[in-house]
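# Architecture and fold: a report
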Amino acid sequence: MIRHLVVLGFLGSVLSACHKEEEHTEAPPKLEVTTPWHKDTMITKEYVCQIHAIQHIELRALERGYLQEVFAGEGQIIKQGQPMFKIMPNVYQVDLLKAQAEAKTVQLEYENTKALAEKNIVSPNELALGKAKLDKANAEVQLAQTHLNFTNINAPFTGIMDHLLVRKGSLLDEGDLLTTLSDNSRMWVYFNVPEAEYLDFKIHQKQEKGVPVKLRMANGALFDQAGAIETIEGDFDNKTGNIEFRADFPNPNRLLRHGETGTILMEVPFKNALLIPQKATFEVLDKTFVYVVTKEHKVEQRMIEIAAELPHLFIVKSGLKDTDTVLLEGLRRVKNGEKIDTDYRTPEKVIPELELYAE
């Protein structure tokens, strides 16, 4: 009985020693790592925009009177110089005839005074007074003719007529709004850019005018004409911290109309950008971190700053160098300072796998 107890005790000691040895020699986890890499790339910035016709004006009555004729319909394309409205001209025609008759009378008086002045019967001052009266009478004729012309309202440019706000027979006062006219052969598209992105734009672009942009319309489709940035406003909006850009788009088929909305797509180049896979990062309290593997094969948590985002990739602004080794997988399985075994994968092998990882 004593012999059996001794043997059992010996076996227990051996098994315990073996178990402790196994625990002591357990290998660290082997995880995939890679290095950041440099590459010239480009990102697409999106901005909500307002679409305006290059000319959008209000047509108002310049004279008081009854609206005698409406020559154009709502939504119709009006050619430059085409008649649109006519205000009853009777009163203005009479005023013109009256002014012309008075001017003719003064003309005769002036000619008589001139003949007398040539014979030294009247003084030069009287002749000058007669000339001044004639000039005034001719001016009255021109004024009456202008008022009469104002009864005919023609299109100042080719465009699309909007709603009719009056009807034939309406009594108009001077300044009454009749309709609006939009020239949408070319469109001005306005969008606001935050201050930081404006500074990046100025740094990366050699010239601000002529930078190409695209327009995504409200239905999600891309507009079939390319646009370009033409101007940047002079001042920032202190309330929003934004500055307004304007891009110009040709609109040959007149698809775009004044007042539409959309999204401007602007490509921003990044020269020699430092890239890492998005899956190599994690967030803590809105800050982005990676695990960097040290020479001692220990993981070190490091905060990085992201400059921009690409599909499956981040452009790193600060916090990493291309010589650093970053943990690519198993981020939830390790702790800061833990020792690991690494399986290095080159960026060339990592990149094709990123899309599969995202799926």
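Report on the accompanying structure. (Residues numbered from 1 in each chain as written. Predicted model: local features only at pLDDT ≥ 70, side-chain atom pairs only at ≥ 80, totals over all residues. Heavy atoms only, no water.)

## Considering the overall build of the protein
Looking only at helices and strands, the protein has five helices and 19 strands in total. In terms of overall dimensions, the protein has C-alpha extents of about 165 × 50 × 35 Å along its principal axes. Across the 359 residues of the protein, 35% fall into the buried class. Within the protein, counting contacts between residues at least 6 apart in sequence, those at least 24 apart form 76% of the total. Split by element, the accessible area of the protein, about 22,500 Å² in all, is 52% carbon and sulfur. If the 42 positive side-chain charges of the protein are averaged to one point and the 53 negative ones to another, these points end up 1 Å apart. (Helix = DSSP H or I, 4+ residues; strand = E, 2+ residues; numbered from the N terminus. Buried < 20%, exposed > 50% of the residue type's maximum accessible area, 1.4 Å probe, protein only. Contact = heavy atoms within 4.5 Å. Areas by Shrake-Rupley, 256 points an atom, 1.4 Å probe, with all protein chains shown as cover. Lys, Arg positive; Asp, Glu negative; His and termini not counted. Charge placed at Lys NZ, Arg CZ, Asp CG, Glu CD.)

## Some points on the sheet that holds strand β3 (residues 65–70)
Taken in spatial order, the four strands line up as β6-β5-β3-β8 in an open sheet, and their pairing is antiparallel. What marks the edges here is a single partner per strand, and that holds for β6 (152–154) and β8 (171–172). Here β3 pairs with strand β5 (residues 83–87) via three bridges, running antiparallel. Residue pairing across strands places V70 opposite F85, the latter belonging to β5. (Pairing = 2+ DSSP bridges.)

## Some points on the pairing of strand β13 (residues 261–277)
Across the 17 residues that make up β13, a large majority, 13, are buried. Note: β13 against strand β17 (residues 313–318), four bridges, orientation antiparallel. Residue pairing for β17: I276 is matched across the bridge by F314.

## With respect to the pairing of β3
In terms of strand pairing, β3 meets β8 through two bridges, oriented antiparallel. From the neighbouring strand, Y66 faces β8, where its bridge partner is L171.

It is worth stressing that arrangement in space is one thing and function is another; only the former is reported here.
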